[in-house]
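# Coordinates in review
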Amino acid sequence: MKIAVLPGDGIGPEIVAEAVRVLQALDLRLELETAPVGGAAYEASGHPLPTATLELAQAADAVLFGAVGDWKYDKLDRPLRPEQAILGLRKHLGLFANFRPAICYPQLTHASSLKPELVAGLDILIIRELTGDIYFGQPRGRRTAVDGHFPGAEEAYDTMRYSRPEIERIAHVAFQAARKRGGKLTSVDKANVLETFQFWKDVVTEVHAQYPDVKLDHLYVDNAAMQLVKAPKSFDVIVTGNMFGDILSDEAAMLTGSIGMLPSASLNAKNQGLYEPSHGSAPDIAGQGVANPLATILSAAMMLRFSLGQSEAAGRIEAAVQGVLEDGWRTADIAGAGGRKVGTREMGDAVVARLKAQG
Ligand code: IPM
Ligand code: MG
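Quick caveat, the model's predicted, so the values are computed rather than measured. (Residues numbered from 1 in each chain as written. Chains lettered and ligands numbered in written order. Predicted model: local features only at pLDDT ≥ 70, side-chain atom pairs only at ≥ 80, totals over all residues. Heavy atoms only, no water.)

### What to know about the packing of helix α1 (residues 12–24) against helix α12 (residues 344–357)
As a reminder of what qualifies: Axis lines are fitted to C-alpha atoms, over the contacting stretch for helices. Their N-to-C directions set the angle, which ranges from 0 to 180 degrees. Numbered from the N terminus, helices here are DSSP runs of H or I no shorter than four residues, and strands are runs of E no shorter than two. The cut-offs work like this: below 35 degrees is roughly parallel, past 145 is roughly antiparallel, 65 to 115 is roughly perpendicular, and the gaps in between are oblique. Note on convention: near helix rotated counterclockwise from far helix by under a right angle means a left-handed crossing. Clockwise means right-handed. We call two residues in contact when some of their heavy atoms are within 4.5 Å. When residues are sorted by character, Ala, Val, Leu, Ile, Met, Phe, Trp, Tyr, Cys and Pro go into the nonpolar class, Asp, Glu, Lys and Arg into the charged class, and all the rest, Gly among them, into the polar class.
With their axes 9 Å apart at the nearest point, α1 and α12 run at an angle of 15° to one another. Taken together, the axes of α1 and α12 lie roughly parallel to each other. Where α1 crosses over α12, the handedness of that crossing is right-handed. When α1 is examined against α12, the residues Glu14, Ile15, Glu18, Arg21 and Val22 are found in contact with a partner set consisting of Thr344, Arg345, Gly348, Asp349, Val351, Val352 and Leu355. Split into classes, the residues belonging to the contact of α1 with α12 amount to five nonpolar, two polar and five charged.

The following block contains the structure:
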């Protein structure tokens, strides 16, 4: 089992190092190979996604990814910015299905910005389509307007688009996921305004005919954003397009108390996957050893389960993380009253110790 390890920028290297230590503590036969990505790769070789890094990722069974980005690259031409590395990996590996669970751990309800009773026991899954929509739609660019409100003015434009097969395949993924959980799927769209999302809604409704055991409902994205803070536990699985999914998954993450706890998986049709924490590179705290490594450690667990067929090992990691929370270990982002405040490395140590104690 070959894993490409791409730590990236900011806190990426620190948190990935802990996830790697956890994987190594499992005594599985894993072959890990590290390569630069994002700003780190740009510094080293002038490109955020060097060919060697992309080829390593393509050849691997799975990619363990840290985070990319730093404000200092904001002025670079778009193709050279760190974010292009993750977008390029998604595109070249065909990682169309993005799983972003939002789980509120009982020990962390205090860290949520919502009242504890609204989030206690929260367990929802956002499935975000990841290779289509306005993120990748062509044409895009800048030009002189020929029509619109200001003909002759400079303007910029992007293209929102979805094809039937793109919607069908993510809908199948979502119905199947819902079937394995609470049996309820909410498709989020903007069908009242956008042609693309009327089509989305129509196709999801058609695919539903093959999953009569799953309850499907539809919400407009603005209402979905409101329901997520009003009654988050009313959701089970949410499926939506690339851009709405980007926004709603950050919102859902905050319900759980800390984005530092949330893993994610991005899969292609062959179950090859890229696994990364849902949070970003946090350059403001990089190098200080205070970042929470648990989202990355839990991403490694998702990797074992989804791409490497190692559900048992995945369960062991998840149990170990539960255990360290029960024991009161807390990084700064999840420290409330009480608990032992620890840094990145000590949190990794605590998870490894729990794993070893499982015998
Ligand atoms: C995410 C991030 C990315 C996205 C950025 C870094 C390109 O926000 O994974 O949610 O917009 O998809
Ligand atoms: Mg995002």
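Don't stop here, the text continues.
### With respect to the domain arrangement of the protein
We count it as follows: The start and end points of each domain follow an automatic or database-based domain assignment. The quantity reported as buried area is the accessible area (1.4 Å probe) lost by two parts once they are put together, taken as the sum for both. Salt bridge, as used here: a side-chain nitrogen of Lys or Arg that lies within 4 Å of a carboxyl oxygen of Asp or Glu. We call two N or O atoms a polar contact when they sit within 3.5 Å, provided that within protein one can donate a hydrogen and the other can accept it, with sequence-adjacent residues counted only if both atoms are side-chain atoms.
Examined at the domain level, the protein breaks down into domain 1 (1–96 + 262–359) and domain 2 (123–255). A straight line from the C-alpha centre of domain 1 to that of domain 2 covers 26 Å. Considering only the surface of domain 1 that becomes buried against domain 2, Leu87, Arg90 and Phe96 emerge as the three largest contributors, covering 66% of it. Taken together, domain 1 and domain 2 are joined by zero salt bridges. Our count for the contact surface shared by domain 1 and domain 2 stands at one residue pair in polar contact (both at pLDDT 80 or more). By residue number, the principal contributor to the side of domain 1 that touches domain 2 is helix α4 (residues 83–93), which donates three residues. A breakdown of the residues in the side of domain 1 that touches domain 2 according to their chemical character gives four nonpolar, two polar and three charged.

### Re the pattern of salt bridges
Formally: Whether a residue is buried, partly exposed or exposed follows from its accessible area with a 1.4 Å probe, protein chains only, as a fraction of its type maximum: under 20%, in between, or over 50%, in that order.
Across all of its chains, the model carries 16 salt bridges by this definition. A salt bridge links Glu168 to Arg164, with the nearest nitrogen and oxygen atoms 3.3 Å apart. Residue Glu168 and its partner Arg164 are located together in helix α6 (residues 164–180), separated by four residues, close to a single helical turn. Residue Arg181 pairs with Asp236 through a salt bridge whose shortest N-O separation is 3.0 Å. Here Arg181, found in the loop between α6 and β8 (184–189), pairs with Asp236, found in the loop between α8 (221–230) and β10 (237–240); they are 55 residues apart in sequence, far enough to count as distant. With a relative accessible area of 31%, Arg181 lands in the partly exposed category.

### So, empty space enclosed by the protein
Convention followed: Computed over the protein atoms alone on a 1 Å grid, cavities are sets of points where a 1.4 Å probe fits but cannot get out and pockets are open sets with protein on both sides within 12 Å along at least five of seven lines; a residue lines them when it has an atom within 4 Å of a point. Grid points are joined across faces, edges and corners, and a volume is the space filled by probe spheres set on the points.
Evaluation of the coordinates by the stated rule reveals one cavity of 30 Å³ or more. Approximately 40 Å³ is the volume found for the largest cavity. Lining the largest cavity are Arg100, Pro101, Ala102, Ile126, Ser249, Ala252, Ala253, Leu262 and Ser278. Contributing elements (two or more residues each) for the lining of the largest cavity: β4 (97–103) and α9 (242–255). Its residues placed into classes, the lining of the largest cavity shows six nonpolar, two polar and one charged.

### Here we look at the site of ligand 1
The line we're drawing: Near is defined per residue: the residue qualifies when any heavy atom it owns lies within 4 Å of the molecule or strand. Every accessible area reported is derived by Shrake-Rupley at a probe size of 1.4 Å, with residue values counting cover from the shown protein chains alone.
Around ligand 1, the structure places Glu83, Arg90, Arg100, Arg128, Tyr135 and Asp246. One of the side-chain nitrogen or oxygen atoms of Arg90 is found 2.7 Å away from an oxygen atom of ligand 1. Here ligand 1, which alone exposes 320 Å², has 72% of that area covered by the protein. Its residues assigned to classes, the shell around ligand 1 comprises one nonpolar, no polar and five charged.

### A closer look at the pairing of strand β11 (residues 263–267)
Basically, it comes down to this: Two strands are said to pair when DSSP picks up at least two bridges between them.
Counted residue by residue, β11 has five buried out of five residues, so it is predominantly covered. Here β11 shows two buried faces, one formed by Pro263, Ala265 and Leu267 and the other by Ser264 and Ser266. Relative to β11, β4 runs antiparallel, the two sharing three bridges. Following the sheet pairing, Asn98 is matched in β11 by Ser266. As defined by bridge partners, β11 adjoins strand β12 (residues 273–277) across five bridges and the pair is classed as antiparallel. Note that in β12 the partner of Ser264 across the bridge is Glu276. Counting the residues between successive antiparallel strands, the hairpin from β11 to β12 contains five residues, one of them, Asn271, with a positive phi of roughly 65°.

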